[in-house]
Amino acid sequence: MLTLLPFALGLLGGVVAQTGSVSSYISSESPIAKAGVLANIGPNGSKSSGAFPGVVIASPSTSNPDYLFSWTRDSSLTFQTLIDQYTSGEDTSLRSLIDDFVSAEAALQQVTNPSGSVSTGGLAEPKFYINETAFEGPWGRPQRDGPALRSTAIITYANWLLENGNSSFVTNTLWPILQLDLDYVAANWNQSTFDLWEEINSSSFFTTAVQHRALRQGIALANAIGQTSVVSNYGTQADNLLCFLQSYWNPTGGYITANTGGGRSGIDSNTLIASIHTFDSTAGCDAVTFQPCSDKALSNLKVYVDSFRSIYTLNSGVASNAAVATGRYPEDVYQGGNPWYLTTFAVAEQLYDALIVWKGQGMLDVTSTSLAFFQQFSSDVAVGTYASGSSTFSTLTSAVQTFADGFVSQNAKWTPSGGALAEQYLRDSGSPTSAVDLTWSYASALTAFAAQAGKTYGNWSASGLQLPSTCSSGVPVTFNIDRTTQYGENVYITGSVGALNTWSTDNALILNTANYPTWTITVYLPPNTSVQYKYLTKYNGQVTWEDDPNNTITTPASGGLNQTDSWH
């Protein structure tokens, strides 16, 4: 007999009332969110401020902050939502708008910008003016998630066109656009990038995850239209990305480290947003791709949510296993460091996605990794597999449903009566703040509401993926070094092989601080090779190397290596 925690009992007893409240909010907010998205798309959106056709503005806000720009990431995620609605038959009026988006993105690919030209890095430029010209001011660039997200959205459209007999448009018009982005991903995935919050230049879980998805989808489309010359390279790099994706997992903390640099804990909504945007319902609860119901993704969700329980006044007095408002990451100070609508919706969406899979497969697994997540709702649940006919399955899925609905309720509580969604709401009062009418906030509402209704949209070949024993780029070597640093000082590594950027001070690889004062990084190095390397620190432009001699290892022929060093 399972023992439900008191709060969980109270929640389950009130499911009808809370579900009704959530249903009412979804019913009223859905058309507002859809209208909010469309209002921010040029040329005819009521708030698009003269944006070119198919160009998505992030927000009509022009000061504190000025978001009257078009970000490749935001635009692609927004149109992924609209393309899903169109290709599923939910809204058949969107075709011309989607074609405008494709044309706009094709034009932006060719705009030379501070990141480069179309052939020299410009595809990773994060944002443009809404008249399709380059923004040349200082910014966090490059951002390498953009090409991947754009290709994923357009591939979804391409697949629908193929199913409906329009292969010539896919081959002649869409494929040249897609190949530019996919070739870029394949060639540059292992280079440093600013994260989706545009603050940390390192490697980012979100970027790696969406790049992996993009290449898998690119392979499937290339095969479908006979563009097979790219398949081998895309497959090789997708395998390398899948290997690298595993290195973000922090088994000690039970969470996904969002970025390999930055000096923060690594607990970040980046990881939940990655999970929902790489959801493939046919992949089950696969932990290799960090599917929403995987044990690692659930453990990560709990650590992330719990990190906000004590830092926002809005969350005061909420039970330790109830939904709360969440933000980007617990250390956030931007605009005061507040809850975001889109991050709180992301928690709900991941849980809804998990429920879709559990109910579809008729069972759920509790592992030692996910045990703490499930024990929030049933204190004596044990590791095991629970079939849909069992009381444990019913108890846990009902509790998770209520938990998920609670995050929607959090946003509902702080949504103004007119339904407008800003970027954030104040951590103390709940008043909307920062950019008004944020397109991504509206899009995140639509995707969370769809997941709550049990909807899924296509798959991306995540089912059945196997983790290669070794990547063609090498074997995974994890470097660990204890080093106490001051705020703003970071530890780097470089060495004698290309994967360590060949003794480059400027391009040395930053280590992450998830287990500070131990600094850690996983790098794929050539197998069965003698490698020399050194650590260095950077602080306020000053570089400090450790003393001679160089450190030396010989990498294994297969498997991996965990190397622990001391600063000397």
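If you're wondering where the values come from, they're calculated on a predicted model, not measured in any experiment.

Novice: It is not clear to me how the environment of Val230 should be interpreted in this structure. Could you clarify?
Specialist: Within the fold, Val230 resides in the loop between helix H7 (205-224) and helix H8 (231-245). Judged by relative accessible area, Val230 falls into the buried class, the value being 8%. Residues Val230 and Leu182, 48 residues apart in the sequence, show an inter-C-alpha distance of 9.4 Å. Sequence-distant contacts of Val230, defined by excluding residues within four places in its chain, comprise Trp175, Gln179 and Ala222.

Novice: Looking at this model, I keep getting lost on the confidence of the model for the protein chain. Mind explaining?
Specialist: It should be kept in mind that the predicted coordinates are not to be read in detail where pLDDT is low. Averaged over all residues, the pLDDT of the protein chain equals 92, while 95% of them reach at least 70. Overall, residues 1-20 carries pLDDT values under 50, and its contacts beyond four positions in sequence, including any with other chains, amount to 37 contacts.

Novice: How should I be thinking about a nonpolar patch on the surface in this particular structure?
Specialist: A contiguous nonpolar patch, built from Trp503, Val543 and Trp545 and spanning about 240 Å² of accessible area, is present on the exposed surface. Checked against the element boundaries, Trp545 lands in strand S17 (residues 542-545).

Novice: Whenever I open this one, the packing of aromatic side chains confuses me. Can you help?
Specialist: Where two aromatic rings form a pair, the distance of their centres and the angle of their planes describe that pair. A complete count under the given rule lists 30 aromatic pairs for this structure. Aromatic side chains Phe69 and Trp71 sit 6.0 Å apart centroid to centroid with 80° between the ring planes, which places their arrangement in the edge-to-face category. No difference in accessibility class separates Phe69 from Trp71, as the two residues are buried. Where Phe205 meets Phe290, the ring centres are 5.1 Å apart and the plane angle is 85°; that geometry is what we call edge-to-face.

Novice: Is there a simple way to think about the sheet that holds strand S15 (residues 518-525) in this case?
Specialist: Pairing between the strands of a sheet comes from backbone hydrogen bonds, and it takes one of two forms, parallel or antiparallel. The strand order across the open sheet built from 4 strands is S14-S15-S11-S19, with neighbouring strands paired in mixed fashion. Strands at the two margins of the open sheet, each flanked by one partner only, are strand S14 (512-515) and strand S19 (561-566). If you compare each strand with its neighbour and ignore which way they point, the axes differ by 35° on average. Pairing between strand S11 (residues 475-482) and S19: 6 bridges, direction parallel. Opposite Val477, over in S19, you have Leu561 as the bridge partner.

Novice: What is the right way to read the state of the cysteines from this model?
Specialist: Simply put, the disulfide is a covalent bond whose two ends are the sulfur atoms of two cysteines. Applying the stated criterion across every chain yields a total of 1 disulfide. Disulfide pairing places Cys285 opposite Cys293 at an S-S distance of 2.1 Å. For the disulfide bridge between Cys285 and Cys293, the dihedral angle about the S-S bond is near -110°, and by the sign convention the bridge is left-handed.

Novice: Honestly, unusual backbone geometry in this entry has me stumped. Any pointers?
Specialist: Leaving glycine aside, a negative phi is the common case for residues, and trans is the common case for peptide bonds. Residues Gly42 and Pro43 are joined by a peptide bond in cis, for which omega reads 5°. Position of Pro43 among the secondary structure elements: in the loop between helix H2 (15-39) and strand S1 (70-71). For Ser49, which is not glycine, the phi dihedral falls at a positive 55°. Along the polypeptide, Ser49 turns up in the loop between H2 and S1.

Novice: Hey, could you run me through the side chain of Thr433 in this one?
Specialist: With respect to the element layout, Thr433 can be found in strand S10 (residues 432-433). Thr433 has contacts with Asn338, Ala422, Glu423, Gln424, Tyr425 and Leu426, leaving out every residue within four places of it along the chain.

Novice: Even after reading the chapter, I still don't get the packing of helix H3 (residues 72-87) against helix H4 (residues 95-109), so can you show me in this structure?
Specialist: To describe two helices that pack against each other, one gives the angle between their axes and the distance between the axes. It is the contact of H3 with H4, at a shortest axis distance of 10 Å, that shows an interaxial angle of 150°. Taken together, the axes of H3 and H4 are roughly antiparallel relative to one another. Where H3 crosses over H4, the two elements pack in a sense that is left-handed. Between H3 and H4, the contacting residues are Thr72, Ser75, Ser76, Phe79, Leu82, Ile83 and Tyr86 on the first element and Arg95, Leu97, Ile98, Phe101 and Glu105 on the second. Along the lines of polarity and charge, the residues of the contact of H3 with H4 split into 7 nonpolar, 3 polar and 2 charged.

Rules behind the numbers
Residues numbered from 1 in each chain as written. Predicted model: local features only at pLDDT ≥ 70, side-chain atom pairs only at ≥ 80, totals over all residues. Heavy atoms only, no water. Helix = DSSP H or I, 4+ residues; strand = E, 2+ residues; numbered from the N terminus. Buried < 20%, exposed > 50% of the residue type's maximum accessible area, 1.4 Å probe, protein only. Contact = heavy atoms within 4.5 Å. pLDDT = per-residue confidence, 0-100. Patch = residues over 30% accessible without salt bridge, like charges linked within 9 Å, V, L, I, M, F, W, Y side chains within 5 Å. Areas by Shrake-Rupley, 256 points an atom, 1.4 Å probe, with all protein chains shown as cover. Salt bridge = Lys/Arg side-chain N within 4 Å of Asp/Glu carboxyl O. Phe/Tyr/Trp six-rings, centres within 6.5 Å; stacked < 30°, edge-to-face > 60°. Pairing = 2+ DSSP bridges. Axes fitted to C-alpha atoms, helices over the stretch in contact; angles between N-to-C directions. Disulfide = S-S within 2.5 Å. Parallel < 35°, antiparallel > 145°, perpendicular 65-115°, else oblique. Left-handed = near helix turned anticlockwise from the far one by under 90°. Nonpolar A, V, L, I, M, F, W, Y, C, P; charged D, E, K, R; others polar.

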